[in-house]
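Observations on the model geometry
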Amino acid sequence: MKIPGSGISALNRSLLQIKGPDATKFLNGLSTSRFLPNIVKKKQHTIDEAENRHAKLSEIININDNWGLMHEDIYDPDNNIFVRRDGLNSMFLSSKGRVVTDCFLFSQPFHNLDGTFEGQISEPNYLIEIDSSFTSQLQMLLKLHKLSAKVSIETIKSMHSYYYYNDTAEFDEYLDFIQREFFRSMDPVDALNDANSFIKSEVLFNPKLAGNILGFSIDNRIPNFGIKVLMNKEIGDDDNNITVDDLFSSSFKNNFAVPEILKPENITRRRFLNGLFETQDSPKGSSLLPFEMNLDLINGLSLEKGCYVGQELTIRTYNNGIIRKRIVPIQFFEINDDNLSSIDESEYLTLDPNDPVIRQLQDLHSSTLSKLEITPLIEKKDPPPPEPEQQPSSPFANSKPVRRRTASSGKLLSIQDNLGFVLANLSDIENIDLYKIELPCLEGGVKHVGIKVFKPEWWPID
């Protein structure tokens, strides 16, 4: 099955609004992204132009204003910190450094073209976009840490989240152009002016709908993967909705066809096909670390922002440089000679909702899924142990031969059609990419399903 080359879809997302005088400090202490403009020189004895460029960031940003968001990339050799109005990827962690949920953070409002949102731009105001299944859990975390902070926490039900993508080289270049032209500002004044210019320029959206566009973000978890837009009206064909044709500008439609409205499953399938994991993909009650979820690879981590909940374990792991496990995409297959040869030669994931292997997987309950472990498809035979020296018999000796337990190479986390994700030992998948899982049978015994592990192409080269 081929996923449509482009499309737009509504997402099953909840939006939490955090606003008030202390909103910036409050979110800085809870998320993995930087909100406070305190830049500390790491090496006092060196002269670093990148560090000096941001030394006065605290004088430029007033955290009591609605100033925007700081965008930084730990893989950027120039260590740029841009002050922008568009959203970014982030995470919330528990006190033990475990992932509560991933999210997108937005400054609210995105723009203020012609004073459209003048009433909302007077104080710090942020939106947190999360999967709806984590709403109550995140609300509990936020309220637990609120204490005397002057912030309000509110669920916003009047907004709708949409995702648009276009898998062409032309659109990839188009997003590069947009970011160069409108999203490289270094201070809040330029950030707001650039956001206003972005809407007014008609480079992407119809400026007549400026009052309906409340949030915008380029999804850079995978470079130029797509765009997100928050609307106060639904997109659809009904009379009260905004049509897709009306949403996009004439300039955009001259370069790209009007996208098809897709079901949310297409967005999910596309993520699985590209190896992009999200928190809701794992079984309920999972306890994952941010580096296991590839937070450092998906542009959602600030390494020098200071203290936040879960920071100690996260930064210690990064500084030690020892990350033993990561979540990687997989493809299931039936184990037979024909499948084994074709899957062994394949270099890319192949989505097939009609693959016969799906029938073996579809009845798995989530409680069973979380207990399944993967082991190499072809077991390595250990060399025979040396003959033990003859020992005198003992009444306490164990005459039963010792059997070694088979070591697991990872744990299965999620299934989508014939694709999925596993939390795998990196040392194992460097050498072996074919594995199997054992599924319980109603008739008794077990049946084996094959798994091929893939390393995503977008992972940075070591």
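The coordinates are above.
Our subject in this report is the structure included herewith. Treat the numbers as computed from the prediction; the structure is a model and nothing was measured.

**Remarks on the pattern of salt bridges**
- Counted according to the given criterion, the structure contains 16 salt bridges.
- Across the salt bridge formed by Lys253 and Asp245, the nearest N and O atoms sit 3.2 Å from each other.
- Note on Lys253: relative accessible area 27%, which makes it partly exposed.
- The class for Asp245 is partly exposed, based on a relative accessible area of 37%.
- The partner of Lys452 in a salt bridge is Asp433, and the shortest N-O contact between them spans 3.9 Å. Linking Lys452 in strand β17 (residues 446–453) with Asp433 in the loop between α14 (426–429) and β16 (434–440), this pair joins segments that are 19 residues apart in sequence.
- Overall, Lys452 belongs to the buried group, its relative accessible area being 3%.
- One network of salt bridges, with partners in common, ties together Arg13, Asp131, Asp219, Arg221, Arg271, Glu278 and Asp281.

**Regarding unusual backbone geometry**
- Here the residue pair Gln108 and Pro109 is connected by a cis peptide bond, since its omega of 5 degrees sits within 30 degrees of zero.
- The topology assignment puts Pro109 in the loop between β6 (99–107) and β7 (125–131).
- With a phi angle near 45 degrees, Leu147 is a residue other than glycine that sits in the positive phi range.
- Within the secondary structure, Leu147 is located in the loop between α4 (135–146) and β8 (152–156).
- Owing to a relative accessible area of 74%, Leu147 belongs among the exposed residues under this scheme.
- Despite not being glycine, Asn294 has its phi angle at roughly 65 degrees, a positive value.
- The residue Asn294 is located in the loop between α9 (264–274) and α10 (311–320) in this model.

**Some words on the side chain of Asn166**
- Among the structural elements, Asn166 can be located in strand β9 (residues 160–166).
- Judged by relative accessible area, Asn166 falls into the buried class, the value being 11%.
- A polar contact of 3.2 Å, which involves the side chain of Asn166, links it to the side chain of Tyr164.
- Among the polar contacts listed, one links the side chain of Asn166 to the side chain of Thr168, at a separation of 2.8 Å.
- In this structure, Asn166 is in contact with Gly5, Ser6, Phe171 and Phe256, ignoring residues within four places of it in sequence.

**Describing the pairing of strand β10 (residues 213–219)**
- Among the seven residues of β10, seven are classified as buried, and the element is accordingly described as predominantly covered.
- The pairing of β10 with strand β11 (residues 226–231) spans six bridges and is antiparallel. Bridging across to β11, Ile213 finds its partner in Met231.
- Between β10 and β11, which pair antiparallel and follow one another directly, the connecting turn spans six residues, one of which, Asn224, has a positive phi of 55 degrees.

Conventions and cut-offs
- Throughout, a residue's number is its position along its own chain's written sequence, starting from 1.
- This being a predicted model, a pLDDT of at least 70 is required before a residue's local features are given, and a value of 80 or more before pairs of side-chain atoms are given or counted; all residues contribute to the totals for chains, interfaces and linings.
- Note that water and hydrogens are dropped before the side-chain values are worked out from all heavy atoms of the structure.
- Put simply, a salt bridge is a Lys or Arg side-chain nitrogen that is within 4 Å of an Asp or Glu carboxyl oxygen.
- Burial classes follow relative accessibility: with a 1.4 Å probe on protein chains only, a residue under 20% of its type's maximum area counts as buried, one over 50% as exposed, and anything between as partly exposed.
- The helix and strand labels rest on DSSP assignments: H or I over at least four residues marks a helix, E over at least two residues marks a strand, and numbering proceeds from the N terminus.
- Polar contact is the term for a pair of N or O atoms within 3.5 Å; when the atoms are in protein, one must be able to donate a hydrogen and the other to accept it, and sequence-neighboring residues count only if both atoms are side-chain atoms.
- Throughout, a residue-residue contact means that at least one pair of heavy atoms, one from each residue, lies within 4.5 Å.
- We treat two strands as partners when DSSP finds at least two bridges between them.

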